[in-house]
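# An overview of the molecular structure
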Amino acid sequence: MSAPEPPRRPRNRATAAIVTASAVVVAACAVTGFLVLRDDGGNGSDKADPKPAATGSASPGGKARSAADGGSGPLVPGWNTVVNAQRGITFDVPASWARQSASWVSYVAKDDDPEEKPLVAMMAPAVFKEKWCTSDDDRSGTEEDTPLASTGTTGEKGSKNTAEAAKDTATNWVYGAYTQPDRTRLTIGEPESYRTETGVEGSLVTVTSSGTPAKGKCDGDGKAVTFAFKNAKGAFVSWTYVGAHGVPDEVPDTTIRKILSTVRLFKKGDGQD
């Protein structure tokens, strides 16, 4: 069946449209996510696959081997593997993070854009505390859920280098999801060199906001950490964490860095369980 256009976003909140075989379900979240005829780079994609692929490679004894042992399972025991085969990226998240399907795309757009052209997007994200904050700021009778944090991957088509890609993507996430139309609240870190546990090298940029006026119950400051690098085909791609900043249950930097350390190039056989 044909996928619908993403629904309009009320105020600063965004919506999510999940296309199933028989119905369209609409729910609210911090950024817009949907299964549609587009990918995370803004290019057309004529199919969406809601079925996650199987994960892990089995040893002769039938036990799944971790990536550290040469298999396709998670590097961190007890964590789950997230895959964006289209962009050639794999990484791991704690078991408490909810993984969306490989065709799920989350994005942010300008509040005054009636067509909601994405400022930035991520594909196949994992979400932490999906109902971290629930509000009905416009008193419409419909409550909207805002997650605490998300992490996913992006194609960086048009970027000249990894430092530029990391800076632009991290900045757009914090601006789009938390501070727009005000850019003066942003603190943009300098690009730093980074190497993952599996030897993937690239540039890392952290962007935060501070003092953003809360227009609604779930509004506040944000943080984005983007690692940009080249995939096996030599194309610029990135991994990003984005979440609430300056709140009591903010995801600690140690957890963000641990997830980041697992970023690796996709290999045939990798997948979600």
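Up top you'll find the structure we're talking about.
First things first, this report covers the structure right here in the doc.

Scoring rules and cut-offs
- Residues numbered from 1 in each chain as written.
- Predicted model: local features only at pLDDT ≥ 70, side-chain atom pairs only at ≥ 80, totals over all residues.
- Heavy atoms only, no water.
- Helix = DSSP H or I, 4+ residues; strand = E, 2+ residues; numbered from the N terminus.
- Buried < 20%, exposed > 50% of the residue type's maximum accessible area, 1.4 Å probe, protein only.
- Contact = heavy atoms within 4.5 Å.
- Areas by Shrake-Rupley, 256 points an atom, 1.4 Å probe, with all protein chains shown as cover.
- Core = buried A, V, L, I, M, F, W, Y, C linked by side-chain atoms within 4.5 Å.
- Disulfide = S-S within 2.5 Å.
- Pairing = 2+ DSSP bridges.
- Salt bridge = Lys/Arg side-chain N within 4 Å of Asp/Glu carboxyl O.

Counting its regular elements, the protein contains two helices and 19 strands. Relative to its 273 residues, the protein shows a buried fraction of 51%. Taking the contacts inside the protein whose residues are at least 6 apart along the sequence as the reference set, 59% of them involve residues at least 24 apart. Surface summary for the protein: the accessible area is close to 12800 Å², and the carbon and sulfur share equals 51%.

This part is about the nonpolar core. Membership of the largest hydrophobic core comes to 26 residues, with the highest contact counts inside it found for Trp-97, Phe-227, Trp-239, Tyr-241, Val-251 and Val-263. Listed by contribution, the elements that provide at least two residues to this core are β7 (89-93), β10 (118-128), β17 (221-230), β18 (236-245) and α2 (253-261). With four residues, β18 is the largest single contributor of residues to this core. Leaving out residues up to four positions away in the same chain, Trp-97 has contacts with Ala-126, Val-127, Phe-128, Ala-149, Ser-150, Thr-151, Tyr-241, Val-251 and Ile-259. Ala-166, Leu-186, Val-207 and Ala-228 belong to the second largest nonpolar core, which has 17 residues in total.

Here we come to the state of the cysteines. Counting across every chain of the model gives one disulfide. A sulfur-sulfur distance of 2.0 Å marks the disulfide that ties Cys-133 to Cys-218. Between Cys-133 and Cys-218 the sulfur-sulfur dihedral comes to about -85°; the bridge is accordingly left-handed. You can see Cys-133 sitting in strand β11 (residues 133-135) and its partner Cys-218 sitting in the loop between β16 (201-209) and β17, a full 85 residues away along the chain. Of the residues examined, Cys-133 reaches a relative accessible area of 10% and is grouped as buried. Exposure remark for Cys-218: the relative accessible area of 8% places this residue in the buried category.

Attention shifts here to α2. Burial in α2 covers these residues: Ile-256, Ile-259, Leu-260 and Ser-261. In the core, the buried residues of α2 are packed alongside β7, β15 (192-195), β16, β17 and β18.

Let us look at the pairing of β7. As a general feature of sheets, a regular strand has side chains that alternate between the two faces. Among the five residues of β7, five are classified as buried, and the element is accordingly described as predominantly covered. Residues Ile-89, Phe-91 and Val-93 line one face of β7 and the alternating positions Thr-90 and Asp-92 line the opposite face, and both faces are buried. As defined by bridge partners, strand β6 (residues 80-84) adjoins β7 across five bridges and the pair is classed as antiparallel. When the sheet's bridge partners are listed, Asn-84 is paired in β7 with Ile-89. Between β6 and the antiparallel strand that follows it, β7, lie four residues; Gly-88 among them carries a positive phi value of about 75°.

Below, the discussion takes up the side chain of Thr-162. Relative to the elements of secondary structure, Thr-162 occurs in helix α1 (residues 162-179). What Thr-162 contacts, discounting residues up to four positions off in sequence, is Gly-202, Ser-203, Ala-228, Phe-229 and Phe-236.

In this section: the pattern of salt bridges. Within the structure shown, the criterion is met by seven salt bridges. A salt bridge links Asp-92 to Arg-264; the shortest N-O distance between them is 3.0 Å. On the criterion of sequence distance, the pair formed by Asp-92 in strand β7 and Arg-264 in strand β19 (residues 264-265) is long-range, its members being 172 residues apart. By the burial criterion, Asp-92 is buried, and Arg-264 matches it. Arg-185 is the salt-bridge partner of Asp-182, the closest N and O atoms lying 3.2 Å from each other. Among the charged side chains, a network of salt bridges with common partners joins Glu-192, Lys-223, Asp-253 and Arg-257.

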